[in-house]
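If you want the building blocks of each chain, they are given just below.
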Amino acid sequence: MSPDQIRRSSTEKAEVQEIEAYPNTDLSWADKPDDDDETSAPGVLGYFLKKNPSPTFIGDVAKMNTYDLDPVVIKRLENKVDLLIIPALAVCYMTTLSYAAIFGIKEDLHLGKSEYSWLSSVFYFGWLAWALPTNFLMQKFPLNKYLAFNIFMWGVLLMAQAASRNFTDLAVLRVLSGAFEATADPAFVLITSTWYTRSQQPTRIGYWYSANGLGIALGGLFGYGIGQINSTLASWKYEFLIIGALCSVWAVVLFIFIPDSPYRTPWFTRKERLMIVSRKRHDQNLTDNREWKWDQVVEAIIDPKIYLFFLFGFTANVPNGGTSNFGTLIVKGFGFDTLETTLMQIPYGAIISCIIFLAIFVNTKLPKGNRTWLMAITNVPTVIGFAMIAWCKSKGARLAGYWMTGASNATFVLGLSLVSGNVGGQTKKAIASAAVFLGFATGNIVGPFLFKDNEAPEYFTGVVGCMVSRALEIVIILILRYIFVRANKRRDRAEAEGKVSYDANLTGLEDISDWKNPAFRYVT
């Protein structure tokens, strides 16, 4: 098989078809002691910092790349990775402030007209301030341990919010909570890109992100149950206490059981770890290390797609900032009472999960080069949904429009796979991830302020603003597609004309950026 054929096998189905099983192949050389598979930083600090894969391990990965891997064995290993990684990430999704609003937090804390909007936004001020530093620290410290610590602290701060006496108490706690949550989604994307091939990443991101919809649906049931509690403690306080405790407990599970990388983990033999890494040989992005490379920082600063990733995150989350905090108030304004409003979130969450699963299924069936088209198409129902909320008169039509806005979650899932798969170099990838989540935070700050108290419960300005933002998101997606397609054609032409030459098996083992790697091709 030529390097060109290897490079062009971009879909998961094609990858499996190209690999032939050689059950009698001797791979006993791979099961040697693994004491030398990682290198630590010098000094006491080296005990806490992320360990790099050693030259010995990378050399054995290169040797494994010369073998055809048994697809039956690879499938078994991937199933085991799925069981380790996907449930661990999926459990972390829940929404609290939106339900707290309809259970009386505004009245109990005597929140002013704009203070609820500020509580929605200040959370993302903390996120915004910590987004870039936390991506730097994720490259420096063992990824899963660092993630678990942040989730544990987020749960603690969520429980502390139940003790809030006024706007100031709650605002301070939400700023700190936002800083700790800033680690979650970027870490989830980085974990997914570490363990899965580029073609598998949309599906796996979809699996754990679909729990967002499940969390909304279960949150509706959970909120309904809380509404039945007769106690001297306010219902919104139960919301914070119970969910915060569950998050902190789950963080302990993450810390103990989930591996930080494929290079060193007791869940797999050394041969299996080499095979897990080797199966990503087509991705041109295998290396994981703790070094921060300033040449990649400079490249990220001048790369237009980094700014487009920011705008993608921004336009996708102006509506999210509004609907995640005002969605239940909008639905209540349709004429439902408090408990009915919580129940109306169940089909909304279910629709989100179903659309995500449908999108990732369609993505596996589409020919190569159509992911960005699919992203644009899945966003169209969201634009229509906001228009129905704004201009339809009947309760049923407006509720259906609200449910349709959940389709945009599928767009964001596919978009996250572009960030993880279309940026080469660990430092540049960290900056790209920070860019999209800086946009995420900024959008969530802006969104709530589109919803004016004097327009309640219709919130016409906010709904129309969300619709426009979603339409602009489609424009950003199409610009990204143009950049990716043009770059791929330019590289293919240079290769065909003999202007560049490379060994794809070697470039894939180096920590080099997508701009400097001639074998790198963008997912479109």
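A brief report on the enclosed structure follows. (Residues numbered from 1 in each chain as written. Predicted model: local features only at pLDDT ≥ 70, side-chain atom pairs only at ≥ 80, totals over all residues. Heavy atoms only, no water.)

### Remarks on the overall build of the protein chain
Within the protein chain one finds 23 helices and two strands. Taken across its 524 residues, the protein chain has 56% of its residues classed as buried. Within the protein chain, residue pairs in contact and separated by at least 24 positions form 83% of the contacts whose partners lie at least 6 positions apart. Counting only carbon and sulfur atoms, one obtains 66% of the accessible surface of the protein chain, whose full area is about 21000 Å². (Helix = DSSP H or I, 4+ residues; strand = E, 2+ residues; numbered from the N terminus. Buried < 20%, exposed > 50% of the residue type's maximum accessible area, 1.4 Å probe, protein only. Contact = heavy atoms within 4.5 Å. Areas by Shrake-Rupley, 256 points an atom, 1.4 Å probe, with all protein chains shown as cover.)

### Quick notes on the packing of aromatic side chains
Counted under the stated rule, the structure contains 25 aromatic pairs. Taking the centre distance of 6.0 Å and the plane angle of 55° together, the rings of Tyr209 and Phe412 count as tilted. You can see Tyr209 sitting in helix α11 (residues 201-209) and its partner Phe412 sitting in helix α20 (residues 408-421), a full 203 residues away along the chain. Phe412 matches Tyr209 in its accessibility class, with the two residues each being buried. (Phe/Tyr/Trp six-rings, centres within 6.5 Å; stacked < 30°, edge-to-face > 60°.)

### What about the side chain of Arg281?
Following the sequence through the fold, Arg281 ends up in the loop between α14 (270-278) and α15 (294-302). Among buried charged residues, Arg281 stands out as having no salt bridge; its nearest opposite-charge side chain is Asp68, 5.0 Å away. Here Tyr67 takes part through its backbone oxygen, which lies 2.9 Å from a polar atom of the side chain of Arg281. (Lys, Arg positive; Asp, Glu negative; His and termini not counted. Salt bridge = Lys/Arg side-chain N within 4 Å of Asp/Glu carboxyl O. Polar contact = N/O pair within 3.5 Å; in protein donor to acceptor, adjacent residues only side chain to side chain.)

### Concerning the nonpolar core
In this structure, Ile85, Trp127, Trp208 and Phe309 are the most contacted members of the largest nonpolar core, which totals 125 residues. A total of ten residues in this core trace back to one element, the largest contributor, which is helix α22 (residues 460-496). Beyond its immediate sequence surroundings of up to four residues, Ile85 is in contact with Ile191, Trp195, Tyr196 and Ile258. (Core = buried A, V, L, I, M, F, W, Y, C linked by side-chain atoms within 4.5 Å.)

### Describing helix α19 (residues 395-404)
Among all positions of α19, only Arg398, Leu399, Gly401 and Tyr402 are buried. In an axial view of α19, the angular spread of the buried residues amounts to 155°, which keeps them on one side of the axis. (Arc of directions from axis to C-beta.)

### Digging into unusual backbone geometry
In this structure, the amide linkage connecting Ala456 to the following residue, Pro457, adopts the cis form with an omega of 0°. With a phi angle near 50°, Tyr459 is a residue other than glycine that sits in the positive phi range.

### Focus: helix α7 (residues 115-140)
With 26 residues, α7 extends 37 Å between its outermost C-alpha atoms, agreeing within 8% with the 38 Å of an ideal straight helix rising 1.5 Å per residue. A maximum bend of about 45° is found in α7 at Ala131, where proline Pro133 lies one to four positions downstream. (Expected span 1.5 Å × (residues − 1). Bend = angle between axes of the 7 residues up to and from the residue.)

### Description of a nonpolar patch on the surface
On the surface, a cluster of nonpolar side chains totalling about 620 Å² of accessible area is made up of Phe152, Val156, Val252, Phe255, Ile256, Phe257 and Trp267. Secondary structure elements with two or more residues in the nonpolar patch: α8 (143-161) and α13 (235-257). In terms of residue count, α13 provides more of the nonpolar patch than any other element does, four residues in total. Topologically, Trp267 is positioned in the loop between α13 and α14. (Patch = residues over 30% accessible without salt bridge, like charges linked within 9 Å, V, L, I, M, F, W, Y side chains within 5 Å.)

### Focus: the pattern of salt bridges
Tallying each qualifying case throughout the model produces 17 salt bridges. Here Asp303 makes a salt bridge to Lys305, at a shortest N to O gap of 2.6 Å. Note on Lys305: relative accessible area 2%, which makes it buried. When salt bridges with common partners are traced through the structure, they connect Glu299, Asp303, Lys305, Lys428 and Asp514 into a single cluster.

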